[in-house]
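Inside the fold
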Amino acid sequence: MPIENVRVLPRGVRPLAAETATGYLGRLATANALTPRDLRLHVTELAGLSPSRPNLERAAAWVERLGGLDPGHFAADARRSAMYVRCQHYDWQPALCKRCGYTQSPRSACRRCANGDQTAVRSRGGAVCNRHRRWHLDGADIGLAHFPEYGHAERCLSGTLWKRGIGVATGELQLAATLIRYWAIDELPDARIKNRMSALGIATLDADADTVLLATYPEVVRLATVLTDLSFASYLLSPRFSLAEQVRALEAAVITIMQGSITTGLHDVAERIVSRGKAAVETAFGMRQNAHNKRPASLEKALIASSQRHRACLLRHLSTVRMQMIPYEPGVAAPRTAILVRGPLRPDDLAIHDVGVRYR
């Protein structure tokens, strides 16, 4: 059926900023007294998608028609919310590239913004709605009216950190939360964090990563800001300095923000992070242009490639000007640029059994 012949549903719904077509379709169904499942099946059939796990984002034009939206609404909205990416068009530095840009992974939207409905967005920002002062990550709806520091952290994430290519699921926040989580195994948080945990119903910080993120979101964002600073990250993983010096610098950053002291758990995970990062830097220094020659790849591209290969997100924030070069020895080949740019940004792989932390 031609898209022009599809009738617009009687009741329209105003889309949220960078709302996904899938999430919008569910709210549109609710507004028109339909079940989301029936409307999804209808759109799947109209768009000719496979009924087995259809990707409704590919049927955005049909969703726009049913909702009475302007043609191309979802594509234009995605461009406005595109993340800063590192690609060959800007010498592998963070930039809003129109050819390589992408939106961050979908996350739950604020229930108050969506009038109580569940939906997903890809908009600029993180886990806090500053308009309603609510925590909305993973479908939660937790009030933060008495904690203005969460709003400050959210503005930092959607401002300073956003321009570094950092989102809520790109790995940097998870790395900072991991450091705080292992620090809390042997150290009790101070009164300000205890009061916050009590109000949010959190018993301990040495639980899962989501709990740590909720309880210490302001500290996590501050620590991620420090870790991804060009000068600090380049010092932390440079081959010029010893591992012990770099581990002490990382520990100092954590205890300064958490207002505590160095613990065994923090030392173990900090040493693991630095040693893995330095190994990834050494891989980057020896990376070849491709599998067919032994000429060195550009260091900027090699660092991005090695960050994906080793799952070490800090390599995306190094300054090649501040890095001491080591003699080149041909090693692994760099992947093709197209593969590298489209590669997923995954959190660092720092499992508990790898770090060797002793629980109380």
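Analysis parameters
Residues numbered from 1 in each chain as written. Predicted model: local features only at pLDDT ≥ 70, side-chain atom pairs only at ≥ 80, totals over all residues. Heavy atoms only, no water. 1 Å grid on protein atoms, 1.4 Å probe; cavity = no way out; pocket = protein on both sides within 12 Å on 5 of 7 lines; lining within 4 Å. Points joined across faces, edges and corners; volume = space filled by probe spheres on them. Helix = DSSP H or I, 4+ residues; strand = E, 2+ residues; numbered from the N terminus. Nonpolar A, V, L, I, M, F, W, Y, C, P; charged D, E, K, R; others polar. Phe/Tyr/Trp six-rings, centres within 6.5 Å; stacked < 30°, edge-to-face > 60°. Buried < 20%, exposed > 50% of the residue type's maximum accessible area, 1.4 Å probe, protein only. Pairing = 2+ DSSP bridges. Axes fitted to C-alpha atoms, helices over the stretch in contact; angles between N-to-C directions. Parallel < 35°, antiparallel > 145°, perpendicular 65-115°, else oblique. Left-handed = near helix turned anticlockwise from the far one by under 90°. Contact = heavy atoms within 4.5 Å.

A few words now on the layout of surface pockets. Its volume calculated, the largest pocket comes out at about 370 Å³. If you go around the largest pocket, you meet 19 residues; those closest to its centre are A17, R107, C113, S123 and C129. Take the lining of the largest pocket: its biggest share by element is 3 residues, from helix α5 (residues 148-161). Within the lining of the largest pocket, the residues separate by chemical class into 8 nonpolar, 6 polar and 5 charged.

Here the distance between the centres and the angle between the planes together describe a pair of aromatic rings. In this structure the tally under the stated criterion is 6 aromatic pairs. The interplanar angle of 90° and the centroid separation of 6.3 Å between the aromatic rings of W135 and Y150 together place this pair among those described as edge-to-face. Note that W135 is positioned in strand β6 (residues 134-135) and Y150 in helix α5, a separation of 15 residues in sequence. For the pair W135 and Y150, a shared accessibility class is recorded, and that class is buried.

What follows covers empty space enclosed by the protein. Per the stated rule, a full pass over the model turns up 3 cavities of 30 Å³ or more. Lining the largest cavity, in full, are Y84, V85, R86, Y102, G165, I304, Q308, R316, L340, V341, G343 and L345. Listing elements by their share of the lining of the largest cavity, those giving two or more residues are β1 (85-86), α13 (299-310) and α14 (337-342). Class assignment for the residues of the lining of the largest cavity results in 7 nonpolar, 3 polar and 2 charged. In this model, the second largest cavity occupies a volume close to 60 Å³. Around the second largest cavity, the lining residues are S307, Q308, R311, A312, C313, R316, P344, L345 and R346.

Take the pairing of strand β9 (residues 293-296) next. In this sheet, β9 lies alongside strand β8 (residues 288-290) in antiparallel orientation, the contact comprising 2 bridges. Within the sheet, the bridge partner assigned to R288 lies in β9 and is P296. The hairpin formed by β8 and β9 contains 2 residues between the paired strands.

Two measures define how a pair of helices packs: the angle their axes make with one another and the distance between the axes. As a packed pair, helix α1 (residues 21-31) and helix α3 (residues 60-67) sit with axes 10 Å apart at the nearest point and diverge in direction by 30°. Taken together, the axes of α1 and α3 lie roughly parallel to each other. In the crossing of α1 with α3, the sense of the turn from one axis to the other is left-handed. The residues of α3 that touch α1, namely those facing A21, Y24, L25 and L28, are A60, V63, L66 and G67. Residues that form the contact of α1 with α3 fall into these classes: 7 nonpolar, 1 polar and no charged.

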